[in-house]
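Read off the chains here:
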Amino acid sequence: MRAGTRLDRGGNVVTDWSPDAVSRLPITEVSIQPTTAAETATPERTAVITGWHVQSPPGVDLDVRAADRIEWDGMTLEIDGEVARWSDPIEGGTHHVEFDLVRATG
């Protein structure tokens, strides 16, 4: 999911995650593997952060940016950090793409 934009009351362009503003771009043929799970309990709530690592196959570049969100397995996940595009030392161009996803609940 890629956010759209809108003007705020001050006339500034701001990110818009409303359903009518987002663009959905399909991403296929990637490997998604679990990486982390952390739980923090306080008297008010229990927060859980779960993570996954995503990697494209060799020769596949993805139209994904660090500010995008990913819908997968019934969840909306945020990209954690930058999207890494590994260059191909022999052929040039992108060899593969890697990034991490997180989901925070609580």
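Preceding this section is the structure that the text describes.
The present account deals with the structure reproduced in this document. (Residues numbered from 1 in each chain as written. Predicted model: local features only at pLDDT ≥ 70, side-chain atom pairs only at ≥ 80, totals over all residues. Heavy atoms only, no water.)

## Considerations on the packing of aromatic side chains
The condition is simple: Here is the rule: rings of Phe, Tyr and Trp (six-membered ring for Trp) pair when centre to centre is within 6.5 Å. Planes less than 30 degrees apart are stacked, more than 60 are edge-to-face, and the remainder are tilted. Each helix is a run of H or I in the DSSP string that is no shorter than four residues. Each strand is a run of E no shorter than two, and both are numbered from the N terminus.
Inspection of the entire model under this criterion finds 1 aromatic pair. Centroid distance W52 to W72: 5.7 Å. Interplanar angle 75°. Geometry classified as edge-to-face. With W52 in strand β4 (residues 46–55) and W72 in strand β5 (residues 69–72), this pair connects stretches of sequence that are 20 residues apart.

## Notes on the sheet that holds strand β6 (residues 75–87)
Within a sheet, adjacent strands bond to each other through the backbone by hydrogen bonds, running parallel or antiparallel. Basically, it comes down to this: In this description, strands pair whenever DSSP reports at least two bridges between them. Only the stretch in contact is used when fitting a helix axis, every axis being a line fitted to C-alpha atoms; angles between N-to-C directions are given from 0 to 180 degrees.
Taken together, 5 strands build an open sheet; the order of strands is β3-β4-β7-β6-β5 and the sheet is antiparallel. In this open sheet, the two edge strands, each paired with only one partner strand, are β3 (31–41) and β5. Direction aside, the axes of adjacent strands within the sheet are offset by 30° on average.

## What about the pairing of β6?
Sheet topology places β5 next to β6; 4 bridges connect them, and they run antiparallel. Paired with I70 across the bridge in β6 is L77. Where β5 folds back on β6, the antiparallel hairpin that results is connected by 2 residues, among which D73 adopts a positive phi of roughly 55°. Sheet topology note: the β6/strand β7 (residues 94–105) ladder contains 7 bridges and is antiparallel. Residue pairing for β7: A84 is matched across the bridge by E98. If you look at the hairpin formed by β6 and β7, you'll find 6 residues sitting between the two strands, and G92 has a positive phi there, around 80°.

## Details of the layout of surface pockets
Test applied: Think of a 1 Å grid over just the protein atoms. A cavity is a set of points where a 1.4 Å probe fits yet cannot get out, a pocket is an open set with protein on both sides within 12 Å along at least five of seven lines, and lining residues have an atom within 4 Å of a point. Grid points are joined across faces, edges and corners, and a volume is the space filled by probe spheres set on the points. The classification used treats Ala, Val, Leu, Ile, Met, Phe, Trp, Tyr, Cys and Pro as nonpolar, Asp, Glu, Lys and Arg as charged, and all other residues, Gly among them, as polar.
Considered as a void within the structure, the largest pocket measures approximately 270 Å³ in volume. The set of elements that each furnish at least two residues to the lining of the largest pocket consists of β5 and β7. Top element by residues in the lining of the largest pocket is β5. It accounts for 4 residues. Grouping the constituent residues of the lining of the largest pocket by class yields 11 nonpolar, no polar and 6 charged.

## A word on the pattern of salt bridges
For clarity, the threshold we go by: The salt bridge definition used is simple: a Lys or Arg side-chain nitrogen within 4 Å of an Asp or Glu carboxyl oxygen. Whether a residue is buried, partly exposed or exposed follows from its accessible area with a 1.4 Å probe, protein chains only, as a fraction of its type maximum: under 20%, in between, or over 50%, in that order.
This structure, assessed with the given rule, holds 4 salt bridges. We note a salt bridge from D68 to R2, for which the minimum N-O separation is 2.8 Å. On the criterion of sequence distance, the pair formed by D68 in the loop between β4 and β5 and R2 in the segment before β1 (4–7) is long-range, its members being 66 residues apart. A relative accessible area of 13% means that R2 is categorised as buried. Of the charged contacts, one joins E71 and R24 as a salt bridge, the two residues approaching to 3.0 Å between their closest N and O atoms. Linking E71 in strand β5 with R24 in the loop between β2 (13–16) and β3, this pair joins segments that are 47 residues apart in sequence. A cluster of three or more residues bridged by salt bridges with shared partners is formed by R2, D63 and D68.

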